[in-house]
Amino acid sequence: MSAYMAQELARPAARARARVPAAWLMAPLLLALGVIVFYPVILIVVRAVAPGGHPDWALWGDTLSAPGLLAAVRNTVILAATTTVIAVPVGVFFAWLIERTDARWGSLSRLLPVIPLLLPPVAMAIGWLFLADPRAGFLARPLIEMMQAAGIAVEADQVAIQSWAGLVFLYALWAVPHVYVIAAAAFSGLDPSLEEAARMCGKGRLRCFAQVSLPAIRHAVGSSVLVCVISSIGLYSIAALIGSAARIEVLSVYIYRLLNFSYPPKTSQAVIIGLLLMVVIASIWLLQRRIAARTGHAQIGGMGVRPNLLALGGWRWPARLAVLLYVLLTSVLPLLALIVVALQPFWRSRIVLADLALDNFAEFGASSAARDAIWNSTMLAICAATAAVLAAGLIAVVARHAGGRREQGLGIVTKVPAAIPHIVFAVGVLVAFGFAPFRLGGTWLILLLAYVAIYLPTASIAAESSVQQVGNQLTEASRIFGASPTRTFRAVQLPLILPGLAAGWASIFALVLGELNAAAILSGPRNPVIGYLILTLFDNGTYSQLAAIGSIIGVVSAIAVSAVLLLGRPRFARSATA
């Protein structure tokens, strides 16, 4: 009894010791995030919505009644809902196959579903344009000719990638790996005792997945839904390339046109739409948090062991083939199309081996602007991903310890940039830091500030999902026995949340490497990045060089993302594949 009482008396003291360093670390961090995140938003809102110091309600009326806005909102809702319904089940199912069953092939299988992350969305979309354009696509043109030769009446538009079906396909293709990395991190750290008990009770493979494994990672599934919704609303490149050709306008393209195809730019209307999106996304996040709190989720306990993989029996090879087919249809083919077009002097559906050469790659090697763009984007991706993940991880740990309204408040702070379209936020960063007194316009630093703020929500969602999966047993035991908060975090919490943080880092790195929206506003000849280079090549119609840059950044991203995902695995997962 005395030992128990001593432990109970030690709990408040341990928690009190934990609060002081946390507060000391959080104060400058929140101050820095306030400057980076809220200062641009507040400044652009004040200058655009209330230029004379008073709200302009007529401006709100003009914005909400503008022609085309209702159609853009409707298309965005349809696209976000459809993408989420497709991507979340597919990504979670692939994560379960690879992390909890014997369908995986060691470390290689962990990387297969994230291959789409290796290509920026715009490069992936162009790769599929090379494949499925009805006039010059490598797959669509021969398919149409074969069907017509067989007497089948088919119109070119029926197999075109520039359609609703093509737009949804590319959005889902881009979203599946983001769902996978979150779900895989949750599955990899899940206590296997419940699954083993279900197997002993005679539950089949699918029932074990649906009734035991899936409910145990509800929080990760909810985070995946949130990521899909936020990403689908803010994604610009695929919608601009495929959706515009199909005459399907969404909010991201609508806002871009307000800022770039109106004179003077309609910044005020863009900001108003961004504010409304902020309210919508914050509401979705609060709803997801409430549902997760009510339903609960399994946690990583203090007795973590290596899981026994579920034997799929005769279904193992069909499961493996399903993953390979997904990778082939969604990643390998568009990447091959990029490489083929990069080797051609110009894009055409007929491949002539004698014309294939490395001239486009040689031209990039000789261009100092191209080398600078690749180097700048790589360094920005590393720095932005590291800074965002470290900040989000610390905030998630402290918020979990604080609980209650403070946890919700910190969560909302880290989600604010997600509610604002990237191109609008980039305008705010330019207004806030591009001129006096900071004068960072045209520098490397202004892009870094924008990227950290823009992708902080992605890092926050991954960090929160990982922290929520960690139980309190080990951290409380560490504090009771006198370990400092820093040592508790380093030795106990960090190893358990590392897979989720690594997944967030990989996602942000791939996103920043080919980022297009902020680059359109903040990049230029003085600080070129890959996004700026892609926009220039696309506007000039130089598809062969665009395919070359897509191939190059695919290799760079593949090396970085693969290394991080492999190094970020939990220790028992490494043992399982050894």
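Because the structure is predicted, anything quoted here is derived from the model rather than measured.

Chemist: Would you explain the overall build of the protein in this entry?
Modeler: Counting its secondary structure elements, the protein contains 26 helices and zero strands. Split into buried and exposed, the 578 residues of the protein put 53% on the buried side. By element, 67% of the accessible surface of the protein is carried by carbon and sulfur atoms, the whole surface being about 25,300 Å².

Chemist: What is the right way to look at the packing of helix α16 (residues 368-402) against helix α19 (residues 444-454) in this model?
Modeler: When two helices pack together, their arrangement is given by the angle between the helix axes and by the axis-to-axis distance. Look at α16 against α19: their axes get within 9 Å of each other, and the N-to-C directions meet at 40 degrees. Between α16 and α19, the crossing angle belongs to the class labelled oblique. The handedness of the crossing between α16 and α19 comes out as right-handed. Residues Asn-376, Met-379, Leu-380, Cys-383, Ala-384, Ala-387 and Ala-388 of α16 lie in contact with α19, whose contacting residues are Trp-444, Leu-447, Leu-448, Tyr-451 and Val-452. A per-class count over the contact of α16 with α19 returns eleven nonpolar, one polar and no charged.

Chemist: How should I be thinking about the environment of Arg-74 in this particular structure?
Modeler: Along the chain, the position of Arg-74 falls in helix α3 (residues 69-100). Once the C-alpha coordinates of Arg-74 and Leu-251 are considered, the two residues, 177 residues apart in sequence, prove to be 9.1 Å apart.

Chemist: I'm lost on the packing of aromatic side chains in this one. Help?
Modeler: Given two aromatic rings, one states the distance between the centres and the angle between the planes to describe the pair. Counted according to the given criterion, the structure contains nine aromatic pairs. Seen from their ring centres, Trp-128 and Phe-169 are 5.1 Å apart, and the 85 degrees between their planes marks the pair as edge-to-face. On the criterion of sequence distance, the pair formed by Trp-128 in helix α5 (residues 121-132) and Phe-169 in helix α7 (residues 164-188) is long-range, its members being 41 residues apart. Judged by relative accessible area, Phe-169 falls into the partly exposed class, the value being 31%. Of the aromatic side chains, those joined through ring pairs into one cluster are Tyr-39, Phe-433 and Phe-438. Directly above the aromatic system of Trp-317 lies the positively charged group of Arg-320, at a separation of 4.8 Å from the ring centroid.

Chemist: Explain the confidence of the model for the protein to me, please; I cannot follow it from the model alone.
Modeler: If pLDDT is low for a region, its predicted coordinates should not be looked at in detail. Looking at the protein, the pLDDT average stands at 77 and 80% of residues meet or exceed 70. Here helix α26 (residues 571-577) is the element of the protein with the lowest mean pLDDT, 44, and α19 is the one with the highest, 91.

Chemist: Just to check I follow, could you spell out unusual backbone geometry for this structure?
Modeler: Across the chain, the bulk of peptide bonds are trans and the bulk of non-glycine residues have phi less than zero. Note that the residue after Ala-436, namely Pro-437, is joined by a cis bond; omega there is 5 degrees. Residue placement: Pro-437 occurs in the loop between α18 (422-433) and α19. With a phi close to 55 degrees, Arg-439 is a non-glycine residue in the positive phi region. Here Arg-439 is to be found in the loop between α18 and α19. By relative accessible area, which is 61% here, Arg-439 ends up exposed.

Procedures and definitions
Residues numbered from 1 in each chain as written. Predicted model: local features only at pLDDT ≥ 70, side-chain atom pairs only at ≥ 80, totals over all residues. Heavy atoms only, no water. Helix = DSSP H or I, 4+ residues; strand = E, 2+ residues; numbered from the N terminus. Buried < 20%, exposed > 50% of the residue type's maximum accessible area, 1.4 Å probe, protein only. Areas by Shrake-Rupley, 256 points an atom, 1.4 Å probe, with all protein chains shown as cover. Axes fitted to C-alpha atoms, helices over the stretch in contact; angles between N-to-C directions. Parallel < 35°, antiparallel > 145°, perpendicular 65-115°, else oblique. Left-handed = near helix turned anticlockwise from the far one by under 90°. Contact = heavy atoms within 4.5 Å. Nonpolar A, V, L, I, M, F, W, Y, C, P; charged D, E, K, R; others polar. Phe/Tyr/Trp six-rings, centres within 6.5 Å; stacked < 30°, edge-to-face > 60°. Lys NZ or Arg CZ within 6 Å of the ring centre and 35° of its normal. pLDDT = per-residue confidence, 0-100.

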